[in-house]
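Observations on the three-dimensional arrangement
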Amino acid sequence: MYKLIAIDLDGTLLNSYGQISEKNKKTIEKAQKQNIEIVLSSGRSTNSVKNLANEIGGNHFVICGNGSLIYDLQKEEIIYDKFIEKKKALQIIEICEKNSIYYNVYTENMVIAKNLSNNVLFYHQENANKPENKKTKINLVDDIYSYVKDLKNENILKFTISDTSNIIFNSIIKKLREIKNIDVLDVAHMSRKLIKSGTEEVLLEYFYTEITSKNVDKWNAINWLIKELDIKQEEVMAIGDNINDKLMIENAGIGIAMGNSAPYIKNMADRVVEDNNNDGVATAIEFALS
């Protein structure tokens, strides 16, 4: 019997429009009634993950920033954290600025960006269908370096770096890897998301990577949490679709890959379910309950 199910958001629980299907919601509710911990495990900022947890009736823990923190929804406090030091954050920003590449800074409460592009454009579109108190906060600023330098009482979870050109993208990755005590996620394929423009669908495609503090990973956060909850590793199910889900899929008692996952993620998983537009999460949970 599985006691904890860790679920990624983008590309997993959320469909291509950033929505949670009713079937997924009902299946999650069914699992919660059997006292299974449902833990959303995402690269998103804390407020964004908390809002989505509220949507599915999540009432205990969420993992944010790819494992940068664990938030206790009942106590309304952070119980585990590994933030990026401001000094390191400023180094990352300097490299991005010098090389004119698009980047975002994720804090607990917001995403900081210069303009609406790539993942931030997707969040902006997603916000259009949500009430004000459930929107992902996007803070557009002209001078990110100065803004972050002056930040007070706001912890930095991660960076997202992206570009539509693979050549430019790979060039910046090499430079970022020279910074000590950070982890640069090795992403090998393009991100693909859909947004609506009037009656038309627009496909967003871009290469991206994510930067966190050293040894930050969703599985490290899950492993810390299950020890606190006295749950065994084999009692954990992990569901994901991307490279930032790799370790939790490999290390959980059972690792589930979505049908839309890259081939190398599918190959390391114990099971592959339908894609994120066809309730793959519900299928995985039903298997856990069987």
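Summarised in this report is the structure supplied together with it. (Residues numbered from 1 in each chain as written. Predicted model: local features only at pLDDT ≥ 70, side-chain atom pairs only at ≥ 80, totals over all residues. Heavy atoms only, no water.)

**Section: the overall build of the chain**
Stated precisely, the cut-off is as follows: Strands are runs of DSSP state E lasting at least two residues, helices are runs of H or I lasting at least four, and both sets are numbered from the N terminus onward. Here the radius of gyration uses the C-alpha set of atoms, whereas the globule reference equals 2.2 Å times the residue count to the power 0.38. With a 1.4 Å probe rolled over the protein chains alone, any residue whose accessible area is under 20% of its type maximum counts as buried; one over 50% counts as exposed, and the rest are partly exposed. Only heavy atoms matter for contacts: two residues are in contact if any of them lie within 4.5 Å across the pair. Using a 1.4 Å probe, accessible areas were evaluated by the Shrake-Rupley method; residue-level cover was limited to the displayed protein chains. For this count, His and the chain ends are skipped, Lys and Arg are scored as positive, and Asp and Glu as negative. Lys charges are placed at NZ, Arg charges at CZ, Asp charges at CG and Glu charges at CD.
The secondary structure content of the chain amounts to 10 helices and 15 strands. Taken over the C-alpha trace, the chain has a radius of gyration of 18 Å; the compact-globule value for 290 residues is 19 Å, and the two agree within 12%. Taken along its principal axes, the extent of the C-alpha atoms in the chain is 55 × 45 × 40 Å. Burial statistics for the chain: of 290 residues in total, 56% are counted as buried. For the chain, the proportion of contacts with a sequence separation of at least 24, taken over those separated by at least 6, is 63%. In the form shown here, the chain has an accessible surface area of approximately 13100 Å², with 43% of it arising from carbon and sulfur atoms. Computed over 36 positive and 41 negative side-chain charges, the separation of the two mean positions in the chain equals 2 Å.

**Describing the sheet that holds strand E13 (residues 236-240)**
Under the convention used in this document: DSSP bridges decide pairing: two strands pair if at least two such bridges lie between them. Fitted lines through C-alpha atoms serve as axes, helices being fitted only where they are in contact, and the angles separating the N-to-C directions of these axes extend from 0 to 180 degrees.
If you walk across this open sheet you meet the 8 strands as E5-E4-E3-E2-E1-E13-E14-E15, and the pairing is mixed. Only two strands of the sheet have a single partner each, and these edge strands are strand E5 (77-81) and strand E15 (271-272). Bridging between strand E14 (residues 254-257) and E15 involves 2 bridges; their strand directions are parallel. The residue of E15 that forms the bridge with Ile256 is Arg271. Relative to strand E3 (residues 61-64), helix H2 (residues 46-55) is tilted by about 145 degrees, and along the sheet it contacts strand E2 (37-41), E3 and strand E4 (69-72). Strands strand E1 (4-7), E13, E14 and E15 of the sheet are contacted by helix H10 (residues 280-289), whose axis makes an angle of about 165 degrees with E13.

**A look at the packing of aromatic side chains**
Here is the rule: Any two of the Phe, Tyr and Trp rings considered here, Trp counted by its six-membered ring, make a pair once their centres fall within 6.5 Å; the pair's planes then place it as stacked at under 30 degrees, edge-to-face at over 60, or tilted in between. Geometrically, a charge over a ring is one whose NZ (Lys) or CZ (Arg) sits within 6 Å of the ring centre while staying within 35 degrees of the ring normal.
Counted by the stated rule, this structure contains 4 aromatic pairs. Arranged with centres 5.3 Å apart and planes meeting at 45 degrees, the rings of Tyr80 and Trp224 form a pair that is tilted. A residue pair is termed long-range when its members are at least 10 positions apart, and Tyr80 in strand E5 and Trp224 in helix H7 (residues 218-229) qualify at 144 residues. For Tyr80, a relative accessible area of 9% translates into the label buried. For Trp224, a relative accessible area of 27% puts it in the partly exposed group. Directly above the ring of Phe122 sits Lys193, whose terminal nitrogen or CZ lies 4.8 Å from the centroid.

**Re the pattern of salt bridges**
In plain terms, the rule: A side-chain nitrogen of Lys or Arg and a carboxyl oxygen of Asp or Glu constitute a salt bridge if their distance falls within 4 Å.
In total, this model carries 16 salt bridges according to the counting rule given. The salt bridge involving Lys246 is made with Glu250; its shortest N-O contact spans 3.1 Å. Of the two residues, Lys246 and Glu250 are both situated in helix H8 (residues 246-251); the distance of 4 residues between them amounts to about one turn of the helix. Judged by relative accessible area, Glu250 falls into the partly exposed class, the value being 40%. Connected through shared salt-bridge partners, Asp10, Arg44, Glu126, Lys130 and Lys193 make up one network.

**Comments concerning helix H3 (residues 86-98)**
The following threshold applies: Multiplying one less than the number of residues by 1.5 Å gives the expected span of a helix.
In a regular helix each residue adds 1.5 Å, so 13 residues correspond to 18 Å; H3 covers 18 Å between its end C-alpha atoms and thus fits that length. Buried residues in H3 make contact with strand E6 (102-107), helix H5 (144-149), strand E9 (156-163), helix H6 (166-176), strand E10 (182-184) and strand E12 (200-213). Positive phi appears at Ser100, one or two residues downstream of H3, with a value of about 50 degrees.

**Topic: the nonpolar core**
Rules: By nonpolar core is meant a set of buried Ala, Val, Leu, Ile, Met, Phe, Trp, Tyr and Cys residues that side-chain atoms within 4.5 Å join together.
Ranked by size, the top nonpolar core spans 34 residues in total, and within it Ile5, Ile7, Leu13, Leu40, Met237, Ile239 and Ile285 carry the most contacts. Sorting elements by how many residues they give to this core places H10 first, with 5 residues. Residues in contact with Ile285, not counting those within four places in the same chain, are Ile5, Ile7, Thr27, Ile28, Ala31 and Ile239. Counting 29 residues, the second largest nonpolar core, distinct from the first, contains Ile84, Cys96, Val141 and Val184.

**Points about the environment of Met110**
Positionally, Met110 belongs in the loop between E6 and strand E7 (111-113). Considered as a pair, Met110 and Thr283 are 173 residues apart in the sequence and their alpha carbons are 32 Å apart. If we ignore the near neighbours within four places in the chain, the residues touching Met110 are Ser45, Val105, Lys137, Asn139, Tyr147, Leu151 and Glu154.

**Some details on the side chain of Asn15**
Mapped onto the elements of the fold, Asn15 is located in the loop between E1 and helix H1 (22-33). With a relative accessible area of 17%, Asn15 lands in the buried category. Apart from the residues lying within four places of it in its own chain, the contact partners of Asn15 are Asn276 and Asn277.

**Details of unusual backbone geometry**
The phi angle of most residues is negative, glycine excepted, and most peptide bonds adopt the trans form. The phi torsion at Asn215 lies on the positive side, around 65 degrees, for a residue other than glycine. When its relative accessible area of 46% is taken as the criterion, Asn215 is described as partly exposed. In this model, Asp279 sits at a positive phi of 60 degrees, which is unusual for a non-glycine residue. When you line up the elements, Asp279 lands in the loop between E15 and H10.

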